[in-house]
Amino acid sequence: MIPIEGKSRVIIENVQPQVDGGLYPAKRTIGERVDVTADIFGDGHDHLRAHLLYRKEGAPQWSHVEMTPSYNDNWYGAFTVTEKGTYEFTLMAWVDHFDTWYDGFKKKAAAKVDVHLELREGVQYIKTVGGDKQERLKEAIRILEGDYNAALHYVQSPAFGELVHSHPLITHATTYAKALSVVVEHKKANFSSWYELFPRSASLQGKHGTFLDVIKLLPRISAMGFDVLYLPPIHPIGKMNRKGKNNNVRAEAGEPGSPWAIGSDEGGHKAIHPELGTLADYKKLIAEARKLNIDIALDLAFQCAPDHPYVKEHPEWFKQRPDGSIQYAENPPKKYQDIYPFNFETDDWQGLWFELKSVITFWIDQGVKIFRVDNPHTKPIPFWQWAIAEVNKEYEDVIFLAEAFTKPKVMASLGKIGYTQSYTYFTWRVYKSEIVEYMNELVFGPSRNYFRPNFWPNTPDILPFHLQHQGENIFIIRLALAATLSSNYGIYGPAYEFYDNVPMQGKEEYYNSEKYEVKRHDWKRANRMIDIIAMINKARHEHAALQSTWNMQFCAIENSNLLAYIKATDDLTSVILMIVNLDPGGRQSGFVQLPKDRLKLGDHINVKVHDLITDEQYTWTQEWNYVELDPYKMPFHLFKVEIHESYL
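Residues numbered from 1 in each chain as written. Predicted model: local features only at pLDDT ≥ 70, side-chain atom pairs only at ≥ 80, totals over all residues. Heavy atoms only, no water.

Undergrad: Outline the packing of aromatic side chains, listing residues and values.
TA: This structure, assessed with the given rule, holds 47 aromatic pairs. Ring plane angle 70° and centroid distance 6.1 Å describe the contact between Trp101 and Phe160, whose orientation is recorded as edge-to-face. Of the two residues, Trp101 sits in helix H1 (residues 97-110) while Phe160 sits in helix H5 (residues 158-166), which places them 59 residues apart along the sequence. For the pair Trp101 and Phe160, one class covers both residues: buried. Measuring from ring centre to ring centre gives 5.1 Å for Phe354 and Trp386, while their planes differ by 75°; the resulting arrangement is edge-to-face. One end of the pair, Phe354, is in helix H9 (residues 349-365); the other, Trp386, is in helix H10 (residues 381-394), with 32 residues separating them in the sequence. Positioned over the ring face of Phe426 is Arg478, at 4.2 Å from the centre of the ring. When the ring centre of Phe498 is taken as reference, the NZ or CZ atom of Arg525 above it lies at 4.3 Å. (Phe/Tyr/Trp six-rings, centres within 6.5 Å; stacked < 30°, edge-to-face > 60°. Helix = DSSP H or I, 4+ residues; strand = E, 2+ residues; numbered from the N terminus. Buried < 20%, exposed > 50% of the residue type's maximum accessible area, 1.4 Å probe, protein only. Lys NZ or Arg CZ within 6 Å of the ring centre and 35° of its normal.)

Below is the structure:
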């Protein structure tokens, strides 16, 4: 096959970021940098140049950034996205004969070779790049055509080198086969602090709580620094096969059941549990929360209790068993008799899809902009791709958090097709090697372009083994890790800040789980953990380095129980150093190495570190520095790093 342009000699391969060959867009938020790399090479020894071209989709003109080569023919360029929407980018590369001539000229001149003819070639190149249009280029031609020694001196000067670099000779360029996409979302997609509570346990009097009770708790949540309040399902709870305390298959009289068993004769997914209040109360909660810069997140659980209206109105949406009964949910040996899953293979799948999408838009119209989606991996991925895309066409700035503790490829696919954030395996990454491996995978692996992690140390479903029967130290450690490793994180409270640690025997589940009963919490109680949460969240909001997951770099430290990492903005105006003692029961010490290249430190180091939690301050004047952490005092350092300006 004869190429379209046979004179094009440059090959462009392995362009990143691209997701599944460009099938899905890469993800960024406003203000983030898009790092673009590619393998660019050609035949022979001619000099290559390359440009990264980018624009907001629909813009008439492309902007360009020069790419720079690193090793093994890998090239790099970057641009910053400043608006929501879709950006597109591509690459252009070419053999720059002007630059090739210039490099050869310098080598010949250094070897005392006669270069009269080369000077004449240089004049031709200057004319080709516009020598008849710019006074600077005209002057260069006059010098090259004048005195030989003067021309020789001028061509070897830095000024002429800059002239060559700033006037690329673009001929027979290769353009990458297609433009690639980057979808840019609002900043909260990349930076949020979640707090989960059961509204039915919000009463200060110990009775069934209401939305109005939750409103009374908003100052407490705001004081701790959270900006998302997530409530488990707020809909009517099924009465048939209702679960009792500790997941008992039969509820006693007065037991409230699981909020995830949605629907009864009181309504379904577009209704509100009567004991929580009215729709007007819920909208008042949303409005009052927004006054404190808190968004209310709705739990989106697409499943039904046996007495949900859908079961009677649309029995075809559920799987029928040979005896005529409907198949309830199972995760053998677990049985969920109080929940009927939808059958997405129903002949009326289109009707089911449109109805479920209408549930989402109904709640958006009430003021909800954030959805925590329960078990999205148990519904077809094509459904989510369609539903999320349709919602995004109609509404701006909607966040979908995938509660998908499942297989990696399924979690990845949910991210690719539109989920804004996702729960992660952080909950079970405890040891230093595990944390380092997992974070490097998230930050530097291919999933960085489509998977936004949201770190949760606990959930109502999960009391991990390392928190069971433990004291406050491990709770502080896991909080500090979640809130500083990831820019999106959350906790299920008040179980977390009150150190609830009693499990079901042999399971990672809470004993006397709040999922099945109304709890009475002492909401006025204060403790050390609440103060630490508030200080960490304050640091997150005040220091830009903590508002990204993607700027993390681990630091060497001489102790397997100590974990150290730097987070910094590109311009180093915000630098945070975290050092965490992973041992909740013992004092640990070691020497931490400052990353000199990342911090642009010279040979004379002068770094001030200020612990934003304990207010300790130190001046470090060497690359390796001693640290010691007593978990009973504070198991981590959250250092603000200030670098002396003379060494930047």
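Undergrad: Quick one: what's the story with the sheet that holds strand S29 (residues 636-643), residue by residue and with numbers?
TA: Pairing is antiparallel in the open sheet, where 6 strands are placed in the order S22-S23-S24-S29-S26-S27. Either end of the sheet is taken by a strand with one partner, and the two such strands are strand S22 (552-554) and strand S27 (617-620). Pairwise comparison of adjacent strand axes, ignoring direction, gives a mean angle of 25° for this sheet. Bridging between strand S24 (residues 575-581) and S29 involves 5 bridges; their strand directions are antiparallel. Pairing of Ile576 across the sheet is with Lys640, part of S29. Where helix H12 (residues 432-444) meets the sheet, it contacts S22 and strand S23 (562-568), and its direction lies at approximately 145° from that of S22. (Pairing = 2+ DSSP bridges. Axes fitted to C-alpha atoms, helices over the stretch in contact; angles between N-to-C directions. Contact = heavy atoms within 4.5 Å.)

Undergrad: I'd like to hear about the domain arrangement of the chain, residue by residue, with values.
TA: By domain assignment, the chain separates into domain 1 (10-96 + 171-184), domain 2 (98-166), domain 3 (201-234 + 272-302 + 342-544) and domain 4 (552-643). The distance between the C-alpha centroids of domain 1 and domain 2 comes to 31 Å. With 5 residues of domain 1 at the interface, the matching set in domain 2 holds 6 residues. Together, the buried faces of domain 1 and domain 2 total about 560 Å²; carbon and sulfur atoms form 36% of this surface. The largest share of the area that domain 1 buries against domain 2 comes from His47, Arg49 and Asp96, three residues that together contribute 80% of it. Here domain 1 is connected to domain 2 by 0 salt bridges. In the side of domain 1 that touches domain 2, the residues fall into no nonpolar, 1 polar and 4 charged. (Domains from an automatic or database assignment. Buried area = accessible area lost by both parts, 1.4 Å probe. Salt bridge = Lys/Arg side-chain N within 4 Å of Asp/Glu carboxyl O. Nonpolar A, V, L, I, M, F, W, Y, C, P; charged D, E, K, R; others polar.)

Undergrad: Which residues make up H10, and what are the values?
TA: Between its first and last C-alpha, H10 extends 20 Å over 14 residues, near the 20 Å set by a 1.5 Å rise per residue. Of all the residues in H10, the buried ones are Phe383, Trp384, Trp386, Ala387, Ile388 and Val391. Residues of H10 that are buried make contact with strand S13 (295-300), H9, strand S18 (370-374), strand S19 (399-403) and helix H11 (408-416). (Expected span 1.5 Å × (residues − 1).)

Undergrad: If you had to explain the pattern of salt bridges to someone new, which residues and values would you point to?
TA: Applying the stated rule across the entire model yields 38 salt bridges. For the salt bridge of Glu83 with Lys56, the shortest nitrogen-to-oxygen distance reads 3.6 Å. Pair noted here: Glu83 is in the loop between strand S7 (74-80) and strand S8 (85-95) and Lys56 is in strand S4 (residues 48-56), with a separation of 27 residues, a long-range link. In this structure, a network of salt bridges that share partners links the residues Asp299, Arg372, Asp374 and Glu403.

Undergrad: Just give me the short version of a nonpolar patch on the surface, but keep the residues and values in it.
TA: Where nonpolar side chains cluster on the molecular surface, the patch consists of Phe591, Trp624 and Tyr626 and spans about 290 Å² of accessible area. Here Tyr626 is to be found in strand S28 (residues 624-629). By relative accessible area, which is 43% here, Tyr626 ends up partly exposed. (Patch = residues over 30% accessible without salt bridge, like charges linked within 9 Å, V, L, I, M, F, W, Y side chains within 5 Å. Areas by Shrake-Rupley, 256 points an atom, 1.4 Å probe, with all protein chains shown as cover.)

Undergrad: Outline the pairing of strand S3 (residues 33-42), supporting the account with residue identities and numerical values.
TA: The sheet contact formed by strand S1 (residues 10-16) and S3 spans 5 bridges and is antiparallel. Each residue of the ladder has a partner; that of Glu13, found in S3, is Asp39. Two strands pair when backbone bridges link them, and S3 and S7 are joined in this way by 7 bridges, in the antiparallel orientation. Residue Thr37 lies in a different strand from S7, and its bridge partner there is Tyr76.

Undergrad: Go over the nonpolar core, please, and point to the residues and values.
TA: Nonpolar side chains tend to gather and get buried jointly when the protein is soluble and globular. One finds Leu229, Tyr282, Phe342, Phe371, Trp384, Leu481 and Phe636 to be the most contacted residues of the largest nonpolar core, which totals 128 residues. Looking at this core, the element that brings in the most residues is helix H13 (residues 472-485), giving 10 residues. Per-domain counts for this core show at least three residues from each of domain 3 (201-234 + 272-302 + 342-544) and domain 4 (552-643). Ignoring any residue separated from it by four or fewer positions in sequence, one finds Trp384 in contact with Leu300, Phe302, Val373, Pro376, Lys379, Ala389, Leu414, Ile417 and Tyr419. Judged by nonpolar contacts, the second largest core, of 25 residues, contains Val10, Val36, Val81 and Val182. (Core = buried A, V, L, I, M, F, W, Y, C linked by side-chain atoms within 4.5 Å.)

Undergrad: How would you explain the UniProt feature "binding site: alpha-maltose 1-phosphate" (unreviewed entry) in the chain if you had to name every residue and give the values?
TA: Residues annotated by UniProt as "binding site: alpha-maltose 1-phosphate" (unreviewed entry) correspond here to Lys243, Gln303, Asp338, Asn375, Lys515 and Tyr516. Note on placement: Gln303 falls in strand S14 (residues 303-304). The contacts of Gln303, once residues within four sequence positions are left out, are Trp260, Ile262, His269, Ile339, Tyr340, Phe342, Asp374 and Lys379. Taking the relative accessible area as the measure of exposure, Lys515 reaches 14% and is therefore buried. Each residue touching Lys515, except ones within four places of it in the same chain, is listed here: Phe198, Arg200, Gly257, Ser258, Pro259, Trp260, Pro460 and Asp461. There is a polar contact of 2.6 Å between the side chain of Lys515 and the side chain of Asp461. (UniProt positions renumbered as here; feature names shortened; annotations may be inferred. Polar contact = N/O pair within 3.5 Å; in protein donor to acceptor, adjacent residues only side chain to side chain.)

Undergrad: An account of the packing of helix H2 (residues 116-128) against helix H3 (residues 135-144) is needed here, citing residue identities and associated values.
TA: Think of two packed helices as two axes; the pair is described by the angle between the axes and how far apart they sit. Where H2 meets H3, the axes come as close as 9 Å, and the angle between the chain directions of the two elements is 165°. By the angle between their axes, H2 is roughly antiparallel relative to H3. H2 and H3 meet at a crossing whose hand is left-handed. Contacts between H2 and H3 pair Leu119, Gly122, Val123, Ile126 and Lys127 from the former with Leu137, Ala140, Ile141 and Leu144 from the latter. Tallied by class, the residues present in the contact of H2 with H3 amount to 7 nonpolar, 1 polar and 1 charged. (Parallel < 35°, antiparallel > 145°, perpendicular 65-115°, else oblique. Left-handed = near helix turned anticlockwise from the far one by under 90°.)

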